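The lines below spell out each chain.
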Amino acid sequence: MVYAGSREPFKKMEKKTTNSPRMVLLKLGGSLITDKDVPLSINENALRAVGAAIRSSRIKERRISLFLVHGGGSFGHFYASKYHLSQTPKKVLPIGITRTCHAMLKLHSIVKEYLEHYGIATETILPSELLRRNLGSFSNPGRIHFINAVNNGLIPISFGYVGLEEDGAYVVSGDAICKAAVNSLKVCRTIFATDVDGIYPNSNLEGEIIRELSKDHKIITSKHVLDVTGGIRSKIKIGFELAAMGTEVFYVNGAMTGRLRNLIQGKNETKSTRIVNL
Ligand code: IP8
């Protein structure tokens, strides 16, 4: 059996044993890993903090299976916005597609380099391999690649990109990949690692973060000018959608190694926002 031993995180295997790995989905937000105010620039400190957090989580010993997804930040969103790409397919200048994709591939390679420096062995699963438009879950080839990566001791990693259809090009957000992952895998916990401590009651980041976020909270948000996939408002929306699908959802400052490590390890008592009370 090709899948033997590693199928446990997949939804079809409903029987849970004490020995089965806990699947944790970690979305590295573009706002965290890049400097969103300076086009095409990375946030080195954040990437180091993420690398240190994953390394010190000792996921293998703790039987945690990790899936990483990263966003576009000042790489993908810079060109996507310049060439009017959005999440709806449309005809745009071909060079705009090339530049957006190239920027994402560059960012992806930088992220992998940083992780590699911390001894984290990753396997790229291209978004085009994982997702088909309107499918909402992993495609078969993507699923097989994912399983084979895990079987070989690699951490699968994917990222926001550009999708192509007959009727045009569109942005595939990292969040769409997260949603497909929660649909396809038994994801216990989803962690959105961002550049701030959690969800604030307003977009000026004033006051304390909301530790337990329910639908009753009113959050005042504003759209970041570069973010073609919707900024914090859509991050909160997707968080509620994922939580309703049965995964725990946290928002944490990914530049804080200890906090991120705690959440990866399954601890709750760490500075972050958790979705509750659906
Ligand atoms: O930052 C966007 O991914 P996201 C990817 O996860 C591109 O929304 C190409 C802008």
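Located above this text is the structure these notes cover.
Predicted model only: the values in this text are computed from it and were never measured.

Trainee: Even after reading the chapter, I still don't get the overall build of the protein, so can you show me in this structure?
Mentor: For the protein, the helix and strand inventory stands at 9 helices and 10 strands. When its C-alpha atoms are laid out on the principal axes, the protein stretches across 50 × 45 × 35 Å. Buried positions account for 54% of the 278 residues belonging to the protein. Total accessible area computed for the protein in this model is approximately 13000 Å², and 52% of it derives from carbon and sulfur atoms. Taking the average location of the 38 positive side-chain charges in the protein and that of its 24 negative ones, the two points are 4 Å from each other.

Trainee: It is not clear to me how the side chain of Lys 235 should be interpreted in this structure. Could you clarify?
Mentor: Relative to the elements of secondary structure, Lys 235 occurs in helix 8 (residues 231–244). Setting aside residues no more than four positions away along its own chain, Lys 235 makes contact with Lys 27, Asp 175, Thr 229 and Tyr 251.

Trainee: I'm lost on the site of the ligand in this one. Help?
Mentor: The environment of the ligand is formed by 13 residues, the closest being Lys 27, Gly 72, His 77, Gly 174 and Thr 229. Between the ligand and Lys 27, the relevant distance is 3.0 Å, taken from an oxygen atom to a side-chain nitrogen or oxygen of the residue. Within the side chain of His 77, one N or O atom sits 2.8 Å away from an oxygen atom of the ligand. Out of a free accessible area of 320 Å², the ligand has 98% covered by protein chains. Of all the elements in the fold, those that place two or more residues in the shell around the ligand are helix 3 (73–82) and helix 4 (94–117).

Trainee: Which parts of the structure should I look at to understand the nonpolar core?
Mentor: Soluble, globular proteins show a tendency: their nonpolar side chains are buried together. If you look at the biggest cluster of nonpolar residues, it comprises 45 residues, and the most contacted ones within it are Leu 26, Ile 54, Leu 66 and Leu 260. Residue contacts for Leu 260: discarding those within four places in its chain leaves Leu 26, Val 50, Ala 53, Ile 191, Ala 193, Val 252 and Gly 254. With 30 residues, the next largest nonpolar core counts Phe 67, Tyr 170, Val 182 and Tyr 251 among its residues.

Trainee: Would you mind going over the environment of Leu 107 with me for this structure?
Mentor: In this structure, Leu 107 sits in helix 4. For Leu 107, a relative accessible area of 0% translates into the label buried. Along the backbone, Leu 107 and Ile 264 are 157 residues apart, and their C-alpha atoms lie at a distance of 23 Å. Excluding residues within four positions of it along the chain, Leu 107 makes contact with Ile 33, Thr 34, Ile 42, His 70, Gly 71, Gly 72 and Phe 75.

Trainee: What is the right way to look at the packing of aromatic side chains in this model?
Mentor: The geometry of two aromatic rings is summed up by the distance between their centres and the angle between their planes. Within the structure shown, the criterion is met by 7 aromatic pairs. Ring centres of Phe 78 and Tyr 79 lie 4.9 Å apart, and the angle between their planes is 65 degrees; on these two criteria the pair is classed as edge-to-face. The partly exposed category is assigned to Phe 78, whose relative accessible area is 23%. Judged by its relative accessible area of 16%, Tyr 79 falls in the buried class. Through successive ring pairs, a cluster of aromatic residues spans Phe 67, Phe 138 and Phe 146.

Trainee: So what exactly am I meant to see when it comes to the sheet that holds strand 3 (residues 122–124) here?
Mentor: Pairing between the strands of a sheet is mediated by backbone hydrogen bonds and can be parallel or antiparallel. Read from one edge to the other, the open sheet built from 8 strands follows the order 3-4-2-1-7-9-10-8, with strand pairing classed as mixed. The two strands at the open ends of the sheet, each matched to only one other strand, are strand 3 and strand 8 (212–213). Pairing of strand 1 (residues 22–28) with strand 2 (residues 64–70), which is carried by 7 bridges, proceeds in the parallel orientation. Note on strand 2: the bridge partner recorded for Leu 25 is Phe 67. With respect to the sheet, helix 4 is in contact with strand 2, strand 3 and strand 4 (155–159), its orientation differing from that of strand 4 by roughly 150 degrees.

Trainee: What's the story with unusual backbone geometry in this structure? I'm lost.
Mentor: Note: most peptide bonds trans; most residues except glycine with negative phi. The phi angle at Leu 40 is positive, at roughly 60 degrees, despite the residue not being glycine. With respect to the helices and strands, Leu 40 occurs in the loop between helix 1 (30–33) and helix 2 (44–56). With a phi close to 45 degrees, Arg 58 is a non-glycine residue in the positive phi region. When you line up the elements, Arg 58 lands in the loop between helix 2 and strand 2.

Trainee: What is the right way to read the pairing of strand 5 (residues 161–165) from this model?
Mentor: Relative to strand 6 (residues 168–172), strand 5 runs antiparallel, the two being bridged by 5 bridges. Residue pairing in the sheet places Val 162 in a bridge with Val 171 of strand 6. A loop of 2 residues connects strand 5 with strand 6, the two strands running antiparallel in sequence.

Trainee: Quick question: what am I supposed to make of the pattern of salt bridges here?
Mentor: In a structure, side chains of opposite charge can pair up when their charged atoms sit close to one another. One pass over the structure, following the stated rule, counts 11 salt bridges. Lys 27 is paired through a salt bridge with Asp 175; the nearest N and O atoms lie 2.9 Å apart. With Lys 27 in strand 1 and Asp 175 in helix 7 (residues 174–184), this pair connects stretches of sequence that are 148 residues apart. Note on Lys 27: relative accessible area 4%, which makes it buried. Overall, Asp 175 belongs to the buried group, its relative accessible area being 6%. Taken together, the shared-partner salt bridges in this structure form one network comprising Lys 27, Asp 175 and Lys 235.

Procedures and definitions
- Residues numbered from 1 in each chain as written.
- Predicted model: local features only at pLDDT ≥ 70, side-chain atom pairs only at ≥ 80, totals over all residues.
- Heavy atoms only, no water.
- Helix = DSSP H or I, 4+ residues; strand = E, 2+ residues; numbered from the N terminus.
- Buried < 20%, exposed > 50% of the residue type's maximum accessible area, 1.4 Å probe, protein only.
- Areas by Shrake-Rupley, 256 points an atom, 1.4 Å probe, with all protein chains shown as cover.
- Lys, Arg positive; Asp, Glu negative; His and termini not counted.
- Charge placed at Lys NZ, Arg CZ, Asp CG, Glu CD.
- Contact = heavy atoms within 4.5 Å.
- Near = heavy atom within 4 Å.
- Polar contact = N/O pair within 3.5 Å; in protein donor to acceptor, adjacent residues only side chain to side chain.
- Core = buried A, V, L, I, M, F, W, Y, C linked by side-chain atoms within 4.5 Å.
- Phe/Tyr/Trp six-rings, centres within 6.5 Å; stacked < 30°, edge-to-face > 60°.
- Pairing = 2+ DSSP bridges.
- Axes fitted to C-alpha atoms, helices over the stretch in contact; angles between N-to-C directions.
- Salt bridge = Lys/Arg side-chain N within 4 Å of Asp/Glu carboxyl O.

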